[in-house]
Amino acid sequence: MTKLILEVDRVTKRIGNKTLIQETSFKLEKGMIYGFIGPNGAGKTTLMRLMTGLIQPTSGAIRIGTYDVQKQRKQALANVGAIIESPIFFEYMTGRQVLRNLSRLHSEIRSADREKHIDQLLQSVELQSRADDKVKTYSLGMKQRLGIAQAMLGSPDLLLLDEPSNGLDPLGMRELRNLILQLRESRGLSFFVSSHLLDELQLMCDQLIVIRAGVVIWTGNVNDLIVDGQRLEDAFLELMLS
Ligand SMILES: Nc1ncnc2c1ncn2[C@@H]1O[C@H](COP(=O)(O)OP(=O)(O)OP(=O)(O)O)[C@@H](O)[C@H]1O
């Protein structure tokens, strides 16, 4: 049976007289990789900020598991990790120190389990051999992987990644994609990934959520949008022009 992880329920966000997100609803299920696409300014970052409780909806609700993000913020967010905008680390710390520091913000991690949890995370993102080097010596891809380890502190079911491939070279992109696919496989994690790099999304996503001018205009299986070996980019442009 599919397990519902997050539900966006008729969410609207207005700032001043501008409607950033309008009456938006969708559901995310366990073990799925969702691509979140839309033109510049469509509202992707705004919706991801709403989903992680960084800003409040004007109306509607966001539930994670059975918890309301607004009313039961702490319990709701225990099940979600996020990288919204690029992760910023203290570059003079080692990767392990960064995770150790941030782990203190997670009361659900028992202090006796902390070091083991951090070791497992470093291993999951393949940073164990560089764990005790300073972050300033890391490549962008390694910093992005450390960001994923940070988002996985406390073992959430869902990771929200806002444009994670930005700035990565083709090898870095492939490593990130393989990491996402492997974490879904080994841990049953779900991912919600926004990106303008549609070829990249096509290689890893099961489902797509398409937003235009604050309104979700298409949700469904990637293969239902793409016809006969078409590129996602072409299907997306057709949808935008329709
Ligand atoms: N605090 C704010 N006050 C007013 N308008 C805002 C605010 N934050 C975002 N906007 C506007 O809301 C719209 C959606 O912005 P958002 O950053 O969510 O889009 P996006 O889809 O993430 O874009 P991009 O692909 O360029 O990153 C834009 O028109 C933006 O200018």
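Residues numbered from 1 in each chain as written. Predicted model: local features only at pLDDT ≥ 70, side-chain atom pairs only at ≥ 80, totals over all residues. Heavy atoms only, no water.

As recorded in an unreviewed UniProt entry, the chain goes by ATP-binding cassette domain-containing protein and comes from Paenibacillus ottowii.

(A) Molecular detail of the overall build of the chain. Within the chain, the secondary structure is distributed over 9 helices and 10 strands. Over its C-alpha trace the chain gives a radius of gyration of 18 Å, about what one expects of a compact globule, namely 18 Å for 242 residues. Seen through its C-alpha atoms, the chain measures out along the principal axes to roughly 50 × 40 × 40 Å. A burial count over the chain gives 50% of its 242 residues as buried. Look at the contacts in the chain between residues 6 or more apart in sequence, and 66% of them connect residues 24 or more apart. Averaging the positions of the 30 positive and the 28 negative side-chain charges in the chain gives two centres separated by 8 Å. (Helix = DSSP H or I, 4+ residues; strand = E, 2+ residues; numbered from the N terminus. Rg over C-alpha atoms; globule rule 2.2 N^0.38 Å. Buried < 20%, exposed > 50% of the residue type's maximum accessible area, 1.4 Å probe, protein only. Contact = heavy atoms within 4.5 Å. Lys, Arg positive; Asp, Glu negative; His and termini not counted. Charge placed at Lys NZ, Arg CZ, Asp CG, Glu CD.)

(B) Examining helix α9 (residues 232–241) more closely. Every buried residue of α9 is listed here: L232, A235, F236, L239 and M240. The arc that holds every buried residue of α9, seen down its axis, measures 135 degrees, which confines them to one face. Turned more than 90 degrees away from the buried face of α9 sit E238 and L241, all of them exposed. As for α9, its buried residues are in contact with β3 (33–37), α7 (198–204), β9 (207–212), β10 (215–221) and α8 (222–225). (Arc of directions from axis to C-beta.)

(C) Molecular detail of the side chain of S195. Looking at the element boundaries, S195 is found in the loop between β8 (190–194) and α7. At 2.9 Å, the side chain of S195 and the backbone nitrogen of L197 are in polar contact. In this structure S195 touches F36, I37, E163 and L201, once residues within four positions along its chain are discounted. (Polar contact = N/O pair within 3.5 Å; in protein donor to acceptor, adjacent residues only side chain to side chain.)

(D) Spatial organisation of the environment of L140. Relative to the helices and strands, L140 is located in helix α5 (residues 140–151). With a relative accessible area of 44%, L140 lands in the partly exposed category. The sequence separation of L140 and D169 amounts to 29 residues, and the corresponding C-alpha distance is 9.0 Å. Beyond its immediate chain neighbours, meaning those up to four positions away, L140 contacts N166, G167 and L168.

(E) Seen up close, the sheet that holds β10. One open sheet accounts for 6 strands, arranged β6-β7-β8-β3-β9-β10; its pairing is mixed. With partners counted over all chains shown, the strands left at the sheet margins are β6 (80–83) and β10, one partner each. For this sheet, the mean angle separating the axes of adjacent strands, direction not counted, is 15 degrees. Pairing geometry for β9 and β10, over 6 bridges, is antiparallel. (Pairing = 2+ DSSP bridges. Axes fitted to C-alpha atoms, helices over the stretch in contact; angles between N-to-C directions.)

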